[in-house]
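This is what each chain is made of:
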Protein chains: 2
Amino acid sequence: MEKLARVLVDFSVKAGEGEQAIISGGAGAEPLIKAVYARLLQNGAIPIPQIQLPGMQGLFFEHAQDSHYQKTPPIVRNMYEQADAFISIMAPHNTRALAGVDPIRQQSLGRRDKAMLELMLGKGRWVLTLFPTVALAQESDMGLSEYEEFVFEAMGLNHEDPVRYWEQKSEEQARLAERLEAAREIRIVAPETDLTLSVEGRKFVNSTVEHNLPGSEVFTGPVEDSANGTIHFGVPANVSGRDVSGVRFRFEDGKVVEASAEKGEEYLNTMLDADAGARYLGELGIGTNYGIPRATRNILFDEKLGGTVHLAVGRSYEETGGKNESSVHWDLICDLRDGGGLYADGELIQENGKFVGYDFGGR
Amino acid sequence: MEKLARVLVDFSVKAGEGEQAIISGGAGAEPLIKAVYARLLQNGAIPIPQIQLPGMQGLFFEHAQDSHYQKTPPIVRNMYEQADAFISIMAPHNTRALAGVDPIRQQSLGRRDKAMLELMLGKGRWVLTLFPTVALAQESDMGLSEYEEFVFEAMGLNHEDPVRYWEQKSEEQARLAERLEAAREIRIVAPETDLTLSVEGRKFVNSTVEHNLPGSEVFTGPVEDSANGTIHFGVPANVSGRDVSGVRFRFEDGKVVEASAEKGEEYLNTMLDADAGARYLGELGIGTNYGIPRATRNILFDEKLGGTVHLAVGRSYEETGGKNESSVHWDLICDLRDGGGLYADGELIQENGKFVGYDFGGR
């Protein structure tokens, strides 16, 4: 916990003397929240804990009036305005708690707080991580101690000096990002998948653990009207407590014109119809974390999985040069480890999930 | 929990449409925090939960730098400025957790946040209550379920309509307060105790559950230079995790000129020397809650105990007309149930803990 707290505080958000840092997390993350709290104090930073109790979000959707969806509470808005850094710790008590909540209400809440998200992203000093709970272990078909090992391995905490480990990773990713940024067209090939998209003029961001723990990936915002072809997202997901799996998209000139899912199709369509930007791509990401052996229906981990790529419909990240706007940002994951290929202007970059000419450990 | 939440939200702080209400409490109070959260939403009010985790306060004292004692974090200050109502729920995980903390540091923190306390008191809409935890049961020499029953009985929750119950109590207390307000001098007699003090021109506040649950008491701020005599506080206390018992004071013209304690004497002296106002009285309170059968080293309950009076050294409450200023407000309890008497201008008001001419139930 102390190792992890140091990475989050010293490396990810770099919170120091007199800076106010919000620690938000579920009460189940108590050991990590306390380690982060102590580390912030040691650095002279001012921790502002914002703890959620199990079932609280469900109570909101159960009892909130229409007025509660209109605007972010002024106290919360002020908190986002004044904070210098944000450390968010997912620690669900029940990963399916919101399965029965009307997705329209969830979208309303998302729209209400969109400006808070923008404030946080705009300040740049934010990090999202996860604390292994029984609920997450269950969702991953593991016992708790097995899952803890899985989480810490993915985070690089088994290395003596995790910061050094991530710095080395960052150097290799920088090479990969440079190669991809030089390309005009990316092609993704896999079973039931053949998709091309333009990345001309866009930036590939080299992301290790500045914003997500675990990292790592390189990602960009593809040219909005460029995606053409079909893709099958074979990695199942849990989205707000709902199973969504076997998603297939057909793109024409950047837009999702056909969408189906083996599970969760109705929810998928609700999301795609949320607003004008929700059927266009906001992100192409390429996972480089081979310390994650398999998917666990948790997007923070699955999208980093070495041998997969992910596409997000909806909002793009400004730093990539992406221009898509939406209240949605939904990552879907395509597995390239069995018969897949990734090409940059026709050059093979990855085959069957293994990079060609880049070493990210693991395989 | 729903009954209690209704008393707190609808009766005590009266939080309604669009008002921001801070719910602060330990994570151990989860069922009550959630009931209050739901009730606020139902009323159209905006709940702002501020949850503490076990051991967090101890971590502050362990790791905080000098700078952390200088000023209240701006985000917290803003929260106090913007909030319309405050619901605080004590739910300690360990009632002795702070026993080893330097009292000087605790006083520094108290001074740092004094303006926050003033802001909250100034708004008038605040309430303090308690959720029965194992630690509190242990401190009270009871099992948890026995202690829960003790707490709910003291709060009047076993009555079908607790609000009506407290309203009736308030009417009887109003009579008592009126009688006391007409007096110039109060005299407290008990074993090792004979103290007189002037209440001339001061207001007796009739307090049921507007600010404390459980209520109830009537209290005033005695004339600052009027206390003369000796008093023995026979009810033992747990103050910030420390045992303090057998306290004896001798007053001269309002000032504590001699102080001793059977336990915690060093801590007692540190408190009395905190500032110029700490040796003068800020409060005389008279407990009227006969639903509390005995003391439990918890000031929120003990000071309400029917058949006791309490004196606080330090800060007085503005609404009483009291003028004493201090960063300290420490209530000490004198038991009148065995050989005690309370007189107003020589008239016997209470004998052996039983009121003469006033009916507060119980006895």
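Residues numbered from 1 in each chain as written. Chains lettered and ligands numbered in written order. Predicted model: local features only at pLDDT ≥ 70, side-chain atom pairs only at ≥ 80, totals over all residues. Heavy atoms only, no water.

A. Here's a closer look at the sheet that holds strand E1 (residues 20–26) of chain A. Ordered by their spatial adjacency, five strands build an open sheet running E2-E1-E3-E4-E8 (chain A), and the pairing between neighbours is parallel. Edge positions in the sheet fall to strand E2 (46–52) and strand E8 (212–213) of chain A, since each has one partner strand and no second. (Pairing = 2+ DSSP bridges. Helix = DSSP H or I, 4+ residues; strand = E, 2+ residues; numbered from the N terminus.)

B. Region of interest: the relation of the copies chain A and chain B. Overlay of chain A on chain B (RMSD 0.0 Å): rotation 180°, translation along the axis 0.0 Å. Seen this way, the second copy is the image of the first under a two-fold rotation axis. Ranked by how close their C-alpha atoms come to the rotation axis, the residues of chain A are headed by Ile-51 of chain A, at 2.8 Å. Of the residues that chain A buries at the interface, 100% are likewise interface residues in chain B, meaning the two copies contact each other through the same surface. (Least-squares fit on C-alpha atoms with pLDDT ≥ 70 in both. Contact = heavy atoms within 4.5 Å.)

C. Inspection of the domain arrangement of chain A at higher detail. Residues and elements named next belong to chain A. For chain A, the domain assignment lists domain 1 (2–131) and domain 2 (162–355). Of note, the centres of domain 1 and domain 2, computed from C-alpha atoms alone, are 25 Å apart. Contacts between the two partners involve 28 residues from domain 1 and, on the opposite side, 24 residues from domain 2. It is Phe-11, Arg-96 and Gln-107 that lose the most area in domain 1 upon contact with domain 2, and together they represent 26% of the buried surface on that side. Linking domain 1 with domain 2 are two salt bridges. When the shortest N-O distance is used, the salt bridge between Arg-315 and Glu-118 registers 2.7 Å. Between the two partners, domain 1 and domain 2, sit 12 residue pairs in polar contact (both at pLDDT 80 or more). (Domains from an automatic or database assignment. Buried area = accessible area lost by both parts, 1.4 Å probe. Salt bridge = Lys/Arg side-chain N within 4 Å of Asp/Glu carboxyl O. Polar contact = N/O pair within 3.5 Å; in protein donor to acceptor, adjacent residues only side chain to side chain.)

D. Region of interest: the interface of chain A and chain B. On the side of chain B, 36 residues touch chain A, which itself brings 36 residues to the contact. Across the chain A to chain B interface the summed buried area is about 3,200 Å²; carbon plus sulfur atoms make up 70%. The three residues of chain A that bury the most area against chain B are Leu-41, Leu-53 and Ile-75 of chain A, which together make up 19% of that side's buried surface. Our enumeration of links across chain A and chain B arrives at zero salt bridges. Across the contact surface, chain A and chain B share 15 residue pairs in polar contact (both at pLDDT 80 or more). Considering each element in turn, the side of chain A that touches chain B owes the most residues, seven residues, to helix H2 (residues 30–42) of chain A. Partitioning the side of chain A that touches chain B into residue classes produces 22 nonpolar, 11 polar and three charged. (Nonpolar A, V, L, I, M, F, W, Y, C, P; charged D, E, K, R; others polar.)

E. Fine view of the pattern of salt bridges. Inspection of the entire model under this criterion finds 46 salt bridges over all chains. In this structure, Arg-250 of chain A engages Glu-252 of chain A in a salt bridge whose closest nitrogen and oxygen atoms are separated by 2.8 Å. A relative accessible area of 28% places Arg-250 of chain A in the partly exposed class. Assessed through its relative accessible area of 40%, Glu-252 of chain A is described here as partly exposed. For the salt bridge of Glu-347 of chain B with Arg-179 of chain B, the shortest nitrogen-to-oxygen distance reads 2.8 Å. Here the residue Glu-347 of chain B occupies a position in strand E19 (residues 347–351), and Arg-179 of chain B occupies one in helix H9 (residues 162–181), the gap between them amounting to 168 residues. One network of salt bridges, in which partners are shared, links Arg-96, Glu-139, Asp-243 and Arg-297 of chain A. (Buried < 20%, exposed > 50% of the residue type's maximum accessible area, 1.4 Å probe, protein only.)

F. Structural context of the packing of helix H1 (residues 2–12) of chain B against H9 of chain B. Residue and element names in this part refer to chain B. Following both chains from N to C, one finds H1 and H9 inclined at 55°, their axes separated by 10 Å at the closest point. On the basis of the axis angle, H1 is oblique to H9. On the side of H1, the interface is formed by Lys-3, Val-7 and Phe-11, while H9 contributes Pro-162, Val-163 and Glu-167. In terms of residue class, the contact of H1 with H9 is built from four nonpolar, no polar and two charged. (Axes fitted to C-alpha atoms, helices over the stretch in contact; angles between N-to-C directions. Parallel < 35°, antiparallel > 145°, perpendicular 65-115°, else oblique.)

G. Layout of helix H8 (residues 144–154) of chain A. Turning to H8 of chain A, its buried residues are Tyr-147, Phe-150, Val-151, Phe-152 and Ala-154 of chain A. At its buried positions, H8 of chain A is contacted by strand E4 (126–130), helix H7 (134–139), helix H9 (162–181) and helix H11 (299–302) of chain A.

H. Summary view of the packing of aromatic side chains. Scanning the entire structure with this criterion turns up 26 aromatic pairs over all chains. Look at Phe-60 of chain B and Phe-61 of chain B: their rings are 5.7 Å apart centre to centre, the planes differ by 85°, and that puts the pair in the edge-to-face class. Since its relative accessible area comes to 9%, Phe-61 of chain B is described here as buried. Look at Tyr-147 of chain B and Phe-150 of chain B: their rings are 5.7 Å apart centre to centre, the planes differ by 20°, and that puts the pair in the stacked class. With a gap of three residues between them, Tyr-147 of chain B and Phe-150 of chain B both fall in helix H8 (residues 144–154), about one helical turn apart. Members of the aromatic cluster, each reached through a chain of ring pairs, are Tyr-290, Phe-355, Tyr-358 and Phe-360 of chain A. Positioned above the aromatic ring of Tyr-343 of chain A is the side chain of Arg-187 of chain A, whose terminal nitrogen or guanidinium carbon lies 5.8 Å from the ring centre. (Phe/Tyr/Trp six-rings, centres within 6.5 Å; stacked < 30°, edge-to-face > 60°. Lys NZ or Arg CZ within 6 Å of the ring centre and 35° of its normal.)

I. Focus on the nonpolar core. Counting 112 residues, the largest nonpolar core has Val-36 and Phe-301 of chain A together with Val-36 and Phe-301 of chain B as the members making the most contacts within it. Residues within four places of Val-36 of chain A in sequence aside, it is in contact with Ala-5, Leu-8, Val-9, Ile-23 and Ile-87 of chain A. (Core = buried A, V, L, I, M, F, W, Y, C linked by side-chain atoms within 4.5 Å.)

J. Spotlight on the confidence of the model for chain A. Per-chain confidence: chain A averages 95 in pLDDT, with 99% of residues scoring 70 or above. We note a pTM of 0.91 for the whole complex and an ipTM of 0.90 for its interfaces. (pLDDT = per-residue confidence, 0-100.)

K. Layout of the side chain of Asn-212 of chain A. Residues and elements named next belong to chain A. With respect to the helices and strands, Asn-212 occurs in strand E8. Among the polar contacts made by the side chain of Asn-212, one reaches the side chain of Lys-304 at a distance of 2.9 Å. Apart from the residues lying within four places of it in its own chain, the contact partners of Asn-212 are Trp-126, Val-127, Leu-128, Leu-300, Glu-303 and Lys-304.

L. Quick look at the pairing of strand E15 (residues 281–287) of chain B. All names here are of chain B. Across the seven residues that make up E15, a large majority, seven, are buried. Where strand E9 (residues 217–220) and E15 come together, four bridges link them in antiparallel fashion. Its bridge partner being in E15, Thr-220 is matched across the sheet by Leu-284. Strand direction decides the pairing type here: E15 and strand E16 (residues 308–314), joined by five bridges, are antiparallel. The residue of E16 that forms the bridge with Gly-285 is His-310.

M. Spotlight on unusual backbone geometry. Here the residue pair Gly-215 of chain A and Ser-216 of chain A is connected by a cis peptide bond, since its omega of 25° sits within 30 degrees of zero. Along the chain, Ser-216 of chain A falls in the loop between E8 and strand E9 (217–220). The omega torsion across Leu-213 of chain B and Pro-214 of chain B is 10°, close enough to zero to call that bond cis. You will see that Ser-240 of chain A, though not glycine, has its phi angle at about 50°, which is positive. When you line up the elements, Ser-240 of chain A lands in the loop between strand E11 (237–239) and strand E12 (242–244).

N. Layout of the sheet that holds E15 of chain B. Residue and element names in this part refer to chain B. The five strands lie next to each other as E7-E9-E15-E16-E17, forming an open sheet whose pairing is antiparallel. Of all the strands in the sheet, the pair left with one neighbour each is strand E7 (205–207) and strand E17 (329–335). Direction aside, the axes of adjacent strands within the sheet are offset by 25° on average. Set on the sheet, H9 makes contact with E7, E9 and E15; between it and E9 the angle comes to about 30°.

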